[in-house]
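Reading the structure
Chain residues, written in single-letter form:
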Amino acid sequence: MIDPHAPVSRGAPLSSGAPPWTEPAWLPVQPGTGRFLVLACVFVCAACGLVYELELVAFASYLIGDSVTQASVVLSVMVFAMGIGSLGAKRLRWHAAVGFGAIETALALVGGCSAMAVYAVFAWTGGWGGIWADGPCCLLVGFSLAIGLLVGAEVPLLMELIQRIRRQDAGGAVADLFAADYVGALVGGLAFPFLLLPFLGQLTGALLTGSVNVVAGSALVLGLFRRDLTRRARWTLLVAGLAVLGVLASAAVLAGDFEAAARRAVYGPDVRVAARTDVQEVVLAGGTDGKPLDLYLDGRLRVGGRDERRYHEALVHPALSGPHRRVLILGGGDGLAAREVLRHKGVSRVDVVERDAGLVRLARHDPGLSSLNAHAYDNPRMHVTTADALSWLRRAPAGRYDVVLADLPDPGITASTKLYSQEFYGLTRRVLAPRGRLAVHAGPVSARPRVFWTVEATLRAAGFSTTPYRVLGHDTGFATGPDRSADISRTPHDWGFLLSAPGPRSPRPHLGLLPSTLTDSDLAADIAAARLTHVPGLRPSTLAHPQY
């Protein structure tokens, strides 16, 4: 009977699927230790590979927007490329050691530099318009494809290296390999959001990951399987690995200056503050020496100093034209909505529920932002809670507030979808007093009408009656929004709002009760002239992405 695991004799011809080696590799350690070192390398490489994926997804979400679409593109392209890479690696398995070393060196360079390259293209060419407007998206797909090809090629070569140490049945080898691979992916997936991103940032984190990747791959090949390499191959891999380490180290040293220059290219020359909080990246530009202040959250312009007053006046004052002793602001950590609320003398208490404590600290202490919000947080009527708005509403007492203001991220941003759901509005209705009012910003009507009317349909499904209205922009539109294209035609030209009240009767803002201190005398006329007619036929969103 033939032993299926017996080594092939030296004189036996090789089939197309047989390895070129007939004896176990010469190792400087015991076979058991050698297998452990290979599996440890699998663990490290899997962690690095997942960090590259998550880093591309995060950058795409910050810079391009719509995290669901960007994550789907990156992951699907990468998984597809991994399959192609595995097929291509079949040609390298007879030279598994040198092939694996070369792949890890290339992967470290491509994956480590991917974040910096995508950021550079976005910063310096993304605003050119024309064919350059899609440059960051094309580069994102290109890096996803390249990283996927290299990660996919790792597995067949690692399988050959494991078998070089000690031949075993395919099922056992696959089980060992994929166990180390999946555990490594878990560690990489947890390290990215909890260690690399908050402590190192995306650029330095990616560069460090690339350095770990090239060191692990080169150490395995040059240390454990050096007898499988020719002298020329050993020196080539060593020089290439050191060169990649040098490139990554140099980029890490220059990362701070590069990021500052890229921020100036993206946000303008007046960037004063760039901080990563526990929730998001916050950038403040201007706000001193008479310059208008712009506030960016995760790359999106949240507050434009040239037109923010029109937005916050339109959000706040129509809702406060009725009873308004107790006011709840969901979001609004910048303090600008609270500034408008506090202008009403009848307000006795303002509760702000903001999940980003870092943004609140800036709104309190930054000279530009605190001046813009008229030092609202110093007012004794202000009370701040750091919490997720949806979770906080679950525990809030019923019937407590006369007015609720939803000063939340744009409904077109996937991360904020739950804050425009039927469940969210149902909880909001519970905390409103019988004659209470809810004001919601629902995005630009002209640019995304289906999003706006889906939010309106969701409010009605939650038991609200609504009065839609909008504030029109100037000829060039509003600056606020995630779109950074130089194409003015793509800039939002209006803000859409929904004034809502529980029950069947639609609320009507008594515009004559607006504070006499309003600086924009045209606001009331804008709101009155821009009331909208309901468009039927749209279904409410229930924790799903708004319909476009």
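Conventions and cut-offs
Residues numbered from 1 in each chain as written. Predicted model: local features only at pLDDT ≥ 70, side-chain atom pairs only at ≥ 80, totals over all residues. Heavy atoms only, no water. Helix = DSSP H or I, 4+ residues; strand = E, 2+ residues; numbered from the N terminus. Buried < 20%, exposed > 50% of the residue type's maximum accessible area, 1.4 Å probe, protein only. Contact = heavy atoms within 4.5 Å. Areas by Shrake-Rupley, 256 points an atom, 1.4 Å probe, with all protein chains shown as cover. Core = buried A, V, L, I, M, F, W, Y, C linked by side-chain atoms within 4.5 Å. Pairing = 2+ DSSP bridges. Axes fitted to C-alpha atoms, helices over the stretch in contact; angles between N-to-C directions. Disulfide = S-S within 2.5 Å. Salt bridge = Lys/Arg side-chain N within 4 Å of Asp/Glu carboxyl O.

Here we come to the overall build of the protein chain. Looking only at helices and strands, one finds 14 helices and 11 strands in the protein chain. The buried share among the 548 residues of the protein chain stands at 52%. At a minimum sequence separation of 6, the contacts of the protein chain that also span at least 24 residues come to 76%. Total accessible area computed for the protein chain in this model is approximately 24,100 Å², and 61% of it derives from carbon and sulfur atoms.

Below, the discussion takes up the nonpolar core. The biggest cluster of nonpolar side chains holds 44 residues, and the ones touching the most others in it are Val38, Leu56, Phe100, Leu161, Leu220 and Phe225. Sorting the residues of this core by element identifies helix 1 (31–63), helix 2 (67–88), helix 3 (96–125), helix 4 (135–165), helix 5 (170–224) and helix 6 (231–267) as the ones contributing at least two each. Sequence-distant contacts of Phe100, that is, excluding residues within four places in its chain, are made with Cys41, Cys45, Glu154, Leu157, Leu158, Leu161, Gly217, Leu220 and Val221. Ranked by size, the runner-up nonpolar core spans 39 residues in total, among them Val316, Leu336, Val360 and Ala376.

Pairing in this open sheet of four strands is antiparallel, and the strands run 1-2-3-4 from one edge to the other. Pairing within the sheet leaves two strands with one partner each, and these edge strands are strand 1 (271–276) and strand 4 (300–304). Strand-to-strand twist of the sheet, defined as the mean angle between neighbouring strand axes without regard to direction, takes the value 20°. Examined bridge by bridge, strand 3 (residues 294–297) and strand 4 share four bridges and lie antiparallel to one another.

Bringing the state of the cysteines into the picture now. Taken as a whole, this structure holds zero disulfides when the rule is applied. With no disulfide of its own, Cys45 lies closest to Cys41 among cysteine sulfurs, the gap being 3.9 Å. Residue classification places Cys45 among the buried residues on the basis of a relative accessible area of 2%. Here Cys48 stays free of any disulfide, with the sulfur of Cys45 as its closest cysteine sulfur at 6.3 Å.

On to the pattern of salt bridges, then. On inspection of all chains with the given rule, the structure shows 16 salt bridges. Between Glu160 and Arg93 there is a salt bridge, with the nearest N and O atoms lying 3.7 Å from each other. With Glu160 in helix 4 and Arg93 in the loop between helix 2 and helix 3, the pair connects residues that are 67 residues apart, well separated along the chain. The class of Glu160 is buried, set by a relative accessible area of 12%. Of the charged contacts, one joins Arg339 and Glu340 as a salt bridge, the two residues approaching to 2.9 Å between their closest N and O atoms. Summarising the burial analysis for this pair, Arg339 and Glu340 share the class buried.

So, on to the pairing of strand 11 (residues 494–502). Counting buried residues in strand 11 gives eight out of nine residues, a clear majority hidden from the surface. Of the strand pairs in this sheet, strand 9 (residues 432–443) and strand 11 are connected by five bridges, and their pairing is antiparallel. Bridging from a neighbouring strand, Ala439 pairs with Leu499 of strand 11. By the bridge criterion, nine bridges tie strand 10 (residues 464–472) to strand 11 in an arrangement that is antiparallel. Bridge assignment links Thr467 to a residue of strand 11, and that residue is Leu499.

In short, the description is geometric, and any link to function would need to be established separately.
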